[in-house]
2 protein chains.
Amino acid sequence: MDPLVIVGYLAGTLTTISFVPQVMRAWKLKETRDLSLAMLLLFAAGVILWTLYGTWIGSLPIIAANTITFILILVLLGLKIKYT
Amino acid sequence: MDPLVIVGYLAGTLTTISFVPQVMRAWKLKETRDLSLAMLLLFAAGVILWTLYGTWIGSLPIIAANTITFILILVLLGLKIKYT
């Protein structure tokens, strides 16, 4: 596999899975007070545009990473709303 | 300007500035308990690789967004360590 694609997937894997411990923490603590709602909303809007950008330039790492990140951000948004 | 580049910059601006309200919230509340340290570390590693990927494919939106995001994540990491 092209090393460029590997770095892209590794980057996407890291920034995507980084939200897993955050979701788990919110889930476990049942606390999201220190999480900024504005951050989650802006980030969600951003990953939608990144997915569009990735589709446009034909970059599968960008499309895949941002689609999964979007789902995790939606879960965090749900937890933020539930526990606020 | 190429609409593709505009979407890229808009995406990068959103995901980057999203960390500003998060930094402000941690700063104001002096509380970062609900922020996951693992999230911050994984995200920081990811944006370093995204910057490398952006440099490789010659995408200025990716390089710019991830460089600034990295700085904001470093500030959040500092606040997380300070207030834990």
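What this report covers is the structure whose coordinates are included nearby. (Residues numbered from 1 in each chain as written. Chains lettered and ligands numbered in written order. Predicted model: local features only at pLDDT ≥ 70, side-chain atom pairs only at ≥ 80, totals over all residues. Heavy atoms only, no water.)

### Focus on the pattern of salt bridges
All names here are of chain B. Note the threshold: When a carboxyl oxygen of Asp or Glu is within 4 Å of a side-chain nitrogen of Lys or Arg, the pair counts as a salt bridge. Any residue under 20% of the maximum accessible area for its type is buried, any over 50% is exposed, and the rest in between are partly exposed; the area is computed with a 1.4 Å probe on protein chains only.
Scanning all chains against the criterion turns up 2 salt bridges over all chains. The residue Asp34 makes a salt bridge to Arg33 at a minimum N-O spacing of 3.6 Å. When its relative accessible area of 1% is taken as the criterion, Asp34 is described as buried. Taking the relative accessible area as the measure of exposure, Arg33 reaches 40% and is therefore partly exposed.

### Comments concerning the relation of the copies chain B and chain A
Convention followed: The fit set for superposing copies consists of C-alpha atoms from residues with pLDDT of at least 70 in both; the fit itself is least squares. The contact definition used throughout considers only heavy atoms, calling two residues in contact when any of these lie within 4.5 Å.
For the pair chain B and chain A, the relating rotation is 180°, the translation along its axis is 0.0 Å, and the fit reaches an RMSD of 0.0 Å. Accordingly, the operation relating the two chain copies is best matched by a two-fold axis. For chain B, the residue whose C-alpha comes nearest the rotation axis is B:Asp34, separated from it by 2.6 Å. Looking at the interface residues of chain B, 100% of them are also at the interface in chain A, so both copies use one shared face.

### Description of the side chain of A:Asp34
Heads up, the rule is: Here a helix means four or more residues in a row that DSSP labels H or I, a strand means two or more in a row labelled E, and each is numbered from the N terminus. By the criterion applied in these results, polar contacts are pairs of N or O atoms within 3.5 Å in which, for protein atoms, one can donate a hydrogen and the other can accept it, and in which residues neighboring in sequence qualify only through two side-chain atoms.
Within the secondary structure, A:Asp34 sits in the loop between helix H2 (19–29) and helix H3 (37–57). Engagement of the side chain of A:Asp34 in a polar contact is seen with the backbone nitrogen of B:Asp34, the distance being 3.0 Å. If we ignore the near neighbours within four places in the chain, the residues touching A:Asp34 are B:Gln22, B:Arg25, B:Leu29, B:Glu31, B:Thr32, B:Arg33, B:Asp34 and B:Leu35.

### Structural notes on unusual backbone geometry
Phi is positive for A:Lys30, which is not a glycine, with a value near 50°. With respect to the helices and strands, the residue A:Lys30 is situated in the loop between H2 and H3.

### Regarding the nonpolar core
Generally speaking, soluble globular proteins have nonpolar side chains that are buried together. Where we set the bar: We define the nonpolar core as a collection of buried residues of types Ala, Val, Leu, Ile, Met, Phe, Trp, Tyr and Cys that are connected through side-chain atoms lying within 4.5 Å of one another.
Among the nonpolar cores identified, the biggest contains 28 residues, and A:Phe19 and B:Phe19 are the most heavily contacted of them. Every element with two or more residues in this core is listed here: H2, H3 and helix H4 (60–82) of chain A together with helix H2 (19–29), helix H3 (37–57) and helix H4 (60–82) of chain B. A:Val7, B:Leu4, B:Ala11 and B:Ala65 belong to the second largest nonpolar core, which has 18 residues in total.

### Some points on a nonpolar patch on the surface
What counts is decided by this rule: Candidates for patches are residues over 30% relative accessible area with no salt bridge; among them, like charges are joined within 9 Å and nonpolar side chains (Val, Leu, Ile, Met, Phe, Trp, Tyr) within 5 Å. What sets the accessible areas is the Shrake-Rupley method with a 1.4 Å probe; for residues, cover comes only from the shown protein chains.
A contiguous nonpolar surface patch, about 560 Å² in accessible area, is contributed by A:Leu52, A:Trp56, A:Ile57, B:Leu52, B:Trp56 and B:Ile57. Summarising the element assignment, B:Ile57 is placed in helix H3. Judged by its relative accessible area of 31%, B:Ile57 falls in the partly exposed class.

### Observations concerning helix H1 (residues 3–17) of chain B
This is how it is decided: A helix is expected to span 1.5 Å multiplied by its residue count minus one.
In this model, H1(B) (15 residues) spans 21 Å end to end at C-alpha, consistent with the 21 Å of a helix rising 1.5 Å per residue. Those residues of H1(B) lying buried are B:Leu4, B:Val7, B:Gly8, B:Ala11, B:Gly12, B:Leu14, B:Thr15 and B:Thr16. Turning to H1(B), the residues buried within the fold contact H3 of chain A together with H2 and H4 of chain B.

### A word on the packing of aromatic side chains
Each aromatic ring pair is summarised here by two numbers: the centre-to-centre distance and the angle between the ring planes. In plain terms, the rule: Two rings belonging to Phe, Tyr or Trp (six-membered ring only in the last case) form a pair when the distance between their centres is within 6.5 Å. Interplanar angles under 30 degrees mark stacking, angles over 60 mark edge-to-face geometry, and anything in between is tilted.
Taken as a whole and judged by the stated rule, the model has 7 aromatic pairs over all chains. Where A:Phe43 meets B:Phe19, the ring centres are 5.7 Å apart and the plane angle is 80°; that geometry is what we call edge-to-face. Of this pair, A:Phe43 sits in helix H3 while B:Phe19 sits in helix H2, placing the two residues on different chains. Exposure class is identical for A:Phe43 and B:Phe19. Each is buried. Look at A:Trp50 and A:Tyr53: their rings are 5.5 Å apart centre to centre, the planes differ by 75°, and that puts the pair in the edge-to-face class. You can see A:Trp50 and its partner A:Tyr53 sitting in helix H3, 3 residues apart, about one turn around the helix. Judged by relative accessible area, A:Tyr53 falls into the buried class, the value being 5%. Through pairs of rings, three or more aromatic residues link up here, namely A:Phe19, A:Phe43, B:Phe19 and B:Phe43.

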